[in-house]
Amino acid sequence: MIAAVLLATAFLLFGLATDRHHERRFGRRPDPRFVRRCRAAAWTLVGVALAAAVSARGWVFGPVAWAGLAMAGAAVSFLALNLLPAPERARR
Amino acid sequence: MKGFRQSQSTLHTWSGLLLGWVLFVIFVAGTAAYWREALNRWMRPETPRVERPLNALAKAEAWLNRRAPDAKTWFITMPTAEAPGTYVFWVPQPDPAAKGRRHRRRDTFALIDAAGTPTARDTRGGDFFYRFHFDLHYMPVIWARWLVGFAAMMMLVAILTGIVTHKKIFRDFFTLRRAKGQRSWLDGHNAAAVLGLPFHLMITYTGLVTLSAMLMPWATIANYADGTKMAAVMFPSADEATRTGTAAPLPDLAAIVRDGERRLGGPVGYIEVAEPGDTAARVTLTRASSISLNTYGDRVAYDAAGRVVWRSPPSDGARTTYGAMIGLHAGRFGDATLRWLYFLCGIGGTLMVASGLVLWTVKRRERLADPSRPPLGFRVVERLNVAVVAGFPLGCAAFFWANRLIPLDAPGRGNREVAYLFAAWGAAGLVSLAVRPRYGWVALLGGTAAMLAALVAYDAVLLRPGLANWIAAGDWALASVDLVLLALAAVLAWTARRVALYKPRVRTVRAATRARPAVLPAQLEPAE
């Protein structure tokens, strides 16, 4: 469960670190420092999520669940980033 | 490098297209097969739930003892709360007079419900999707497996070349350009592919592994002169029991199972009783595949008096790897969460194949010299897409309806259900030939949506128990089947509506694309 939330957040951060989505949400291109921090935080979350999954399910099923949840988390953030309307002021 | 990527692109297009229709059907059936046991129960709605597995086992044993007391072997699948009952299968004593004549499997198979009687509704249930996934239907099994194996190889080729061709897929991961015709389809195809990439690679590769002994027999031939030796290594078992002819009471299976669960360190999956009712009787238990990634569980054998006479040797590396790959493919170990993840990934794979197929036509339509008169090959692909991508789900819906409507006592009922699936699919194929593809999409997708929604309503109002009863009883396996069918109906109806309302833009420089460019392509239709 914890792993699921962590992974969804991680991919949201990955997504927000891309030019296109950052511009759509915040109205300007992200500055490089922000991008670096976002990516570092996202990778950390992915790692922590693996630990959470393994501690919940053991070494055999933990990684399987982790991989599955990573895909699910990526799907959720993909849909959220593309389908949720961007805040009005940020829209071009 | 340009040349290399170009060649990979060609390979991706054609390996994907030529076997895409087979792959689509395999993906749909395989995805449905993750709910095999739930569907097995759902398609026998009057069968009571298994409350106490050991009780159900004792009832099944009593039934077998009446029906086939002198069989050579009984095979019993241990009943669980997820299953509709106890699957039993028996092999009669070899009859020297009937040598060469094979007995029909149907006559020696039964599903015994928790009350101890064979289930009323003869149906293939979710097992149909499971078998169809690799054996197809209406053709010899060996041909089907070669075809499926070949399709899986092409799938692996398509995935790897896809990664090479669209090297930007990882960078463009979060990109979805909506309402942009071909670009939208491409983005959707990429998203479905990359989101599930670990799953797609895993499922294709392990799928090939399950068929590896058939596809690449050389390793077996080189190492084992005698095929039975290989089987002995892969599936070790106790020495065969020899009938003594002296009758002995049956051992108490429930007690043996309880003891076996302790020794095997997990629930028992299969029970094999050799020479039941004889002093030489032997009971072999196999651990269920639900607690270990390895699909082959440890085994332990008991004699007629209930003493342990044999244990399987510890599994070696190669066998464990093989078993674990099959386990990973089938996801039998999964609890509800993992099962849903597998199911969603399966839907993702289905969408990837479907959007790839549609993309082929979308891409080429823009380059047609004269869009009003496309070449023959284009029209064939376009109509086959309708017939398969929209037609097969319609067939599945017909299968479910046949399950509800064919009278319970109709002879050969289970096979007739399957016949309805193919009849409906065939009819869908004719529709796709008869009308323009755009109307074909609308008619078939809309028809499937209506059939699925009506089915849930039929269950709730006329069949009873329906969705409301299942939720009230806390029976979430059956309730989820209905809920998934409703969700599919909604998505299909929405897609059909988008196709129907879609008006091609006036032909500008970038020509009008076919149906639905505005739709989030990943929503094409998950299908059951």
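S.K.: I tried to follow the overall build of chain A on my own but got confused; where do I start?
M.R.: When helices and strands are tallied, chain A shows three helices and zero strands. From first element to last, N terminus to C terminus, chain A shows the α and β order α-α-α. Per-residue burial over chain A gives 41% buried out of 92 residues. Residue pairs at least 24 apart in sequence account for 67% of intrachain contacts in chain A once pairs closer than 6 positions are excluded.

S.K.: When you look at the overall build of chain B in this model, what are you seeing that I'm missing?
M.R.: Along the backbone of chain B there are 18 helices and seven strands. For chain B, buried positions account for 42% of its 528 residues. Across chain B, the fraction of contacts at a sequence separation of at least 24, relative to all contacts at a separation of at least 6, is 72%.

S.K.: What is the right way to look at helix α5 (residues 141-165) of chain B in this model?
M.R.: Three- or four-residue spacings in an α-helix give side chains the same orientation, since the helix completes a turn every 3.6 residues. Relative to the 36 Å expected for 25 residues at 1.5 Å per residue, α5 of chain B spans 35 Å between its end C-alpha atoms, a close match to the ideal helical length. Every buried residue of α5 of chain B is accounted for by V148, A151, A152, M154, M155, A158, T161, G162 and T165 of chain B.

S.K.: Is there a simple way to think about the pairing of strand β1 (residues 73-77) of chain B in this case?
M.R.: Looking along a regular strand, one sees the side chains alternate between the two faces of the sheet. All names here are of chain B. Of the two faces of β1, only one is covered, namely that formed by W74 and I76; the face formed by T73, F75 and T77 stays uncovered. In terms of strand pairing, β1 meets strand β2 (residues 86-91) through four bridges, oriented antiparallel. Bridge pairing in β2 places F75 opposite F89. Relative to strand β4 (residues 268-274), β1 runs antiparallel, the two sharing five bridges. Across the sheet, the residue bridging to T77 is Y270, located in β4.

S.K.: Whenever I open this one, the nonpolar core confuses me. Can you help?
M.R.: Side chains of a nonpolar character, in soluble globular proteins, are inclined to be buried together. Formed by 106 residues in total, the largest nonpolar core has its most connected members in A49 of chain A together with F24 and L444 of chain B. Sorting elements by how many residues they give to this core places helix α3 (residues 32-83) of chain A first, with 19 residues. The next biggest cluster of nonpolar side chains, apart from the first, holds 32 residues, and it includes L57, A71, L111 and A301 of chain B.

S.K.: Just checking my understanding: could you explain the confidence of the model for chain A for this structure?
M.R.: Close reading of the predicted structure is inappropriate where its pLDDT is low. Mean pLDDT over chain A works out to 70, with 59% of the residues at or above the 70 mark. Per-residue pLDDT stays below 50 along residues 88-92 of chain A; that stretch engages in five contacts with residues further than four places along the chain or on separate chains.

S.K.: Explain the environment of F392 of chain B here, please?
M.R.: Residues and elements named next belong to chain B. Relative to the helices and strands, F392 resides in helix α14 (residues 376-405). Exposure remark for F392: the 24 C-beta atoms within 10 Å place this residue in the buried category. Separated by 367 residues in sequence, F392 and V25 have C-alpha atoms that sit 7.1 Å apart. For F392, the contacting residues outside a window of four places in its chain are V25, V28 and W425.

S.K.: Would you mind going over the environment of V46 of chain A with me for this structure?
M.R.: All names here are of chain A. By the element assignment, V46 lies in helix α3. Its 20 C-beta neighbours within 10 Å are what place V46 among the buried residues. With 15 residues separating them in the primary sequence, V46 and D31 have C-alpha atoms 23 Å apart.

Conventions used here
Residues numbered from 1 in each chain as written. Chains lettered and ligands numbered in written order. Predicted model: local features only at pLDDT ≥ 70, side-chain atom pairs only at ≥ 80, totals over all residues. Helix = DSSP H or I, 4+ residues; strand = E, 2+ residues; numbered from the N terminus. Buried ≥ 20, exposed ≤ 12 C-beta atoms within 10 Å, placed from the backbone. Contact = placed C-beta atoms within 7 Å. Expected span 1.5 Å × (residues − 1). Pairing = 2+ DSSP bridges. Core = buried A, V, L, I, M, F, W, Y, C linked by C-beta atoms within 7 Å. pLDDT = per-residue confidence, 0-100.

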